Amino acid sequence: MSGLILVQGLWIFNLNRRSFILVDDYLFLQQAIESDLSVDYLRTDMFGHFSPLLRIVYKLMATFASGQFIYFAIVLALFAAGVIAAVAFMIRQISTRPIVLWYAVITVGFAIWTLRPALVFTNGIHVLLATGFSTLAVAFFIRLCVTGSRRSLWAASAAYLLAVLVQEKPLLLPLTLVLLRYGVLAETSCPLRRLPRQVVRDWSTWAPLFVIWLLSAINQIAFYRPNVAPASVDDVIETLGLSARAFVQSLAGFWGDVLDPPWRVAACWLVLLLMVAFVAWTSWARRGAWIVWALFAVVYLANFALLAWGRVGLYGPSFVLEANYYLEVGVCWVMCVALALRRPLRRAALDGRARSADSWPAVAILTLLIAIFLPHVLVTAPRFADRAIGSASAVRDYLDNANGDLDRLRQAGQPFDVVPTLAPPAYIFAGITSPYTELVNVLRIFHRPVEPVPAGGRPVIVDDAGVVRDTRPVVLDEWTDPGQGCSRVEPGGQLEVPITASSSTSGLWLVVRYTAESDATAQVTGFDNSRYFDTALPTGLDGQGTLAIARIPDPAIDAVRIRLLNGGPVCIATVAAVELVAADPATPDRDPGAMPGECWLVDQTGSRVQPQPCPASWGRQFP
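Rules used in this analysis
- Residues numbered from 1 in each chain as written.
- Predicted model: local features only at pLDDT ≥ 70, side-chain atom pairs only at ≥ 80, totals over all residues.
- Heavy atoms only, no water.
- Helix = DSSP H or I, 4+ residues; strand = E, 2+ residues; numbered from the N terminus.
- Buried < 20%, exposed > 50% of the residue type's maximum accessible area, 1.4 Å probe, protein only.
- Contact = heavy atoms within 4.5 Å.
- Salt bridge = Lys/Arg side-chain N within 4 Å of Asp/Glu carboxyl O.
- Disulfide = S-S within 2.5 Å.
- Phe/Tyr/Trp six-rings, centres within 6.5 Å; stacked < 30°, edge-to-face > 60°.
- Axes fitted to C-alpha atoms, helices over the stretch in contact; angles between N-to-C directions.
- Parallel < 35°, antiparallel > 145°, perpendicular 65-115°, else oblique.
- Left-handed = near helix turned anticlockwise from the far one by under 90°.
- Nonpolar A, V, L, I, M, F, W, Y, C, P; charged D, E, K, R; others polar.
- Patch = residues over 30% accessible without salt bridge, like charges linked within 9 Å, V, L, I, M, F, W, Y side chains within 5 Å.
- Areas by Shrake-Rupley, 256 points an atom, 1.4 Å probe, with all protein chains shown as cover.
- Pairing = 2+ DSSP bridges.
- Polar contact = N/O pair within 3.5 Å; in protein donor to acceptor, adjacent residues only side chain to side chain.
- Lys, Arg positive; Asp, Glu negative; His and termini not counted.
- Expected span 1.5 Å × (residues − 1).

J.: Just to check I follow, could you spell out the overall build of the protein chain for this structure?
T.: Looking only at helices and strands, one finds 18 helices and 15 strands in the protein chain. Relative to its 623 residues, the protein chain shows a buried fraction of 54%. A fraction of 77% describes how many contacts in the protein chain between residues 6 or more apart in sequence connect residues 24 or more apart.

What follows is the structure, given as structure tokens:
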């Protein structure tokens, strides 16, 4: 069995070695590089999750694997293999039937919902570590119930503690353990009305787990910041339907849009019939097996009810089709298969012949499930990985290109400013990742940092292919201080200027010429005060003649407000609303759709929006 797990780990590594790095991975690595290993750093949320253990992992990766991308793939493959090994260990505590162990390890080890988290580092360590430690907690708890070993209790408590240090979902684990202890593993199930009294009677068993749960729950209440939109009843029902279909598809070895041929649909229906047959047969043949399937239903509904509450209201029911949400449910499914076969037979005494007759249905159904699942998943998983890796590898190529071009500019000895485009489009949510949503900050990572350059240097933009290009402005409107050359803005103060401009892109650029007594940060707002970007106002080499390029997330404005957040004071001389154009003329082979002599208008994400005549000069805004 260990050889099979090794093969599965190598298989996952072969599929994920081109992936595992997205923009949020760069974000958390940068935070690890820039932060000390302190309580504040460990408590910094990761997209709303309390995950100090993941912060430690990132600190280790930033210290020992900085810039060596292959190490990230190795770590993910090891964590995935660890989950598979934890499942094998758990099944061994429940059943001695070889077919059950083979079914569990093959299903979990090759399933799309195990592969998907292993393709992206942040998502992978989050899902794989939480599931792995939760599985170990369940395994040691089952061992405690079977053997009475107090060491197993402390091992289960330690695994549970590690799980809640990864994410909040393991807070539901004690409910699963209570149902396991008194409903599934007991010879006679405890009635619900007596359940609280029984838990109190066994206080020495539950005390360590309850203390961990209570402290974690208190911390989550203090830590959690709701970022949810309540889902409607129809959305919840649609979510459960979509999740059930996707889960059955995954056990047939398919996922998503790979169901085009009719025979694949037939395979999924056959798997569903086999699952129903297994549940029905074990419920009929084994006393109390229905409780096992009730436990599976509770875990399944709890997982997807939480997903519906936290995400569906924001992103719609189709969000449930993300494969990484199914790992916990998949592990619970194979556990319940083993638990159902562990329940005592309804007949009190059986001779050897009857026992053999009892075993063959389980062997037959599980063998058929493996025979349908394994060849299909070995074909479809690489295709799934290629589609999932597409965005990740594109981001890696993007950032590598940008780093390489900026290195060459730096070596040329010419000062330059990177225009503050948004980070590459890949799972970045402005506000949550602040202050790392700027591309220039995302690039400041690993062994090739983007050093600060003198303000007013050569302005360059990183386009959507990661290519660094010179830019020229097309001035739409300009404000000049009517008084003594510049308007002074004190710390905490603001300046509002009338500017009327309209752009054909998703937002406008501002070029601000100013002088500053110290580095400052300003909030630049168009007519919609709820949408803004913070802009750095550095002093430059001598504090004179400096400029800043800022974004406004509005395609049309009639006024601009610049509010000084910190630093300063600054004295603002001119503010111009501009569109930025890539300076190099288009060529037919590289820029299809553009005519010779045209340049690309560049959007705030770096996208080349449309070609237009190249500007004849740099314009008044740049030295």
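J.: When you look at the pattern of salt bridges in this model, what are you seeing that I'm missing?
T.: Working definition: two side chains of opposite charge can pair if their charged atoms are close together. What the rule picks out here adds up to 3 salt bridges. Residue Glu328 is joined to Lys169 by a salt bridge in which the shortest nitrogen-to-oxygen separation is 3.4 Å. Residue Glu328 is located in helix α16 (residues 327-342), and its partner Lys169 is located in the loop between α9 (150-164) and α10 (173-184); the two are separated by 159 residues in the primary sequence. Residue Lys169 is classed as partly exposed on the basis of its relative accessible area of 24%. Here Arg488 and Glu490 are joined by a salt bridge, their closest N and O atoms 2.6 Å apart.

J.: Please clarify how the state of the cysteines should be interpreted in this entry.
T.: Cysteine pairs can be covalently joined through their sulfur atoms, and such a bond is termed a disulfide. Summed over the entire model, instances satisfying the criterion amount to 1 disulfide. Across the disulfide from Cys486 sits Cys571; the S-S distance is 1.8 Å. Handedness of the Cys486-Cys571 disulfide follows from its S-S torsion of about 90 degrees: it is right-handed. Linking Cys486 in the loop between β3 (468-480) and β4 (487-489) with Cys571 in strand β13 (residues 570-582), this pair joins segments that are 85 residues apart in sequence. The thiol of Cys336 is not disulfide-bonded; the next cysteine sulfur, from Cys332, is found 4.0 Å away.

J.: Mind showing me how you'd approach the packing of aromatic side chains here?
T.: The tally for this structure, following the rule as stated, stands at 15 aromatic pairs. With centroids separated by 5.1 Å and ring planes inclined at 70 degrees, the aromatic side chains of Trp11 and Phe110 adopt a geometry described as edge-to-face. Here the residue Trp11 occupies a position in helix α1 (residues 2-16), and Phe110 occupies one in helix α6 (residues 98-110), the gap between them amounting to 99 residues. Overall, the relative accessible area of 8% leaves Phe110 in the buried class. Seen from their ring centres, Phe278 and Trp281 are 6.3 Å apart, and the 55 degrees between their planes marks the pair as tilted. With Phe278 and Trp281 both in helix α14 (residues 262-285), this residue pair falls 3 residues apart, about one helical turn.

J.: Please clarify how the environment of Ser152 should be interpreted in this entry.
T.: As for its placement among the helices and strands, Ser152 is situated in helix α9. On the basis of relative accessibility, which here comes to 4%, the residue Ser152 falls in the buried class. The spatial distance from the C-alpha of Ser152 to the C-alpha of Ile142 is 8.6 Å, given a sequence separation of 10 residues. Every residue in contact with Ser152, bar those within four places of it in the chain, is listed here: Phe140, Arg143, Leu144 and Thr147.

J.: Help me out: how do you make sense of the environment of Ala371 in this one?
T.: Structurally, the position occupied by Ala371 is in helix α17 (residues 352-411). Ala371 sits in the partly exposed class, given a relative accessible area of 48%. Sequence separation between Ala371 and Ala252 is 119 residues, and the spatial gap between their C-alpha atoms is 9.3 Å.

J.: Teacher, can you tell me more about the packing of helix α5 (residues 69-94) against helix α8 (residues 121-147) here?
T.: Angle between the axes and distance between the axes: these two values describe a pair of packed helices. Contact geometry of α5 with α8 gives a least axis separation of 9 Å together with a crossing angle of 20 degrees. Between α5 and α8, the crossing angle belongs to the class labelled roughly parallel. Crossing handedness for the pair α5 and α8: left-handed. Of the residues in the contact of α5 with α8, the class split is 21 nonpolar, 5 polar and 1 charged.

J.: How should the packing of α1 against α5 be read in this particular structure?
T.: Across the interface, α1 lies against α5 with an axial gap of 9 Å and an inter-helix angle of 145 degrees. The element α1 and its partner α5 pack so that their crossing is right-handed. For the pair α1 and α5, the contacting residues are Ile5, Gln8, Gly9, Ile12, Phe13 and Asn16 in the first and Ile70, Ala73, Ile74, Leu76, Ala77, Ala80, Ala81, Ile84, Ala85 and Ala88 in the second. Taken together, the residues of the contact of α1 with α5 sort by class into 13 nonpolar, 3 polar and no charged.

J.: How should a nonpolar patch on the surface be read in this particular structure?
T.: A cluster of nonpolar side chains, namely Phe210, Val211, Trp213, Leu214, Leu215 and Ile218, defines an oily patch on the protein surface of about 560 Å² accessible area. Mapped onto the elements of the fold, Val211 is located in helix α12 (residues 203-223). Judged by relative accessible area, Val211 falls into the partly exposed class, the value being 46%.

J.: In this structure, what is going on with the pairing of strand β7 (residues 508-516)? I would like to understand it.
T.: In regular strands, side chains alternate between the two faces of the sheet. Burial analysis of β7 places 7 of its 9 residues in the buried class, the great majority of the element. Two elements, β7 and strand β10 (residues 546-552), share 7 bridges in a ladder whose sense is antiparallel. Across the sheet, residue Leu508 finds its bridge partner in β10, namely Ile552. Sheet analysis places β7 next to β13, joined by 8 bridges and oriented antiparallel. Across the sheet, the residue bridging to Leu510 is Ala577, located in β13.

J.: What am I meant to see in the side chain of Ser503 here?
T.: Along the polypeptide, Ser503 turns up in the loop between β6 (501-502) and β7. Among the polar contacts listed, one links the side chain of Ser503 to the side chain of Glu579, at a separation of 2.7 Å. Apart from residues lying up to four places away in sequence, Ser503 is in contact with Leu508, Pro555 and Glu579.

J.: In this structure, what is going on with the side chain of Lys59? I would like to understand it.
T.: Along the chain, Lys59 falls in helix α4 (residues 52-64). No salt bridge is formed by the buried Lys59. Its closest oppositely charged neighbour is Asp36, at 5.5 Å. Setting aside chain neighbours within four positions, we find Lys59 in contact with Ala32, Ser35, Asp36, Leu37 and Tyr41.

J.: Is there a simple way to explain the environment of Ser157 in this structure?
T.: By secondary structure assignment, the location of Ser157 is in helix α9. A relative accessible area of 5% places Ser157 in the buried class. For the pair Ser157 and Leu209, spaced 52 residues apart in sequence, the C-alpha separation works out to 5.7 Å. Every residue in contact with Ser157, bar those within four places of it in the chain, is listed here: Pro208, Leu209 and Ile212. At a separation of 2.9 Å, a polar atom in the side chain of Ser157 contacts the main-chain carbonyl oxygen of Leu153.

J.: Explanation requested: α6 in the structure shown.
T.: Side chains of residues three or four places apart in an α-helix project in the same direction, reflecting 3.6 residues per turn. With 13 residues, α6 extends 18 Å from end C-alpha to end C-alpha; this agrees with the ideal 18 Å at 1.5 Å per step. Among the 13 residues in α6, 11 count as buried, and that is most of the element. Among the residues of α6, those classed as buried are Ile99, Val100, Leu101, Tyr103, Ala104, Val105, Ile106, Thr107, Val108, Gly109 and Phe110.

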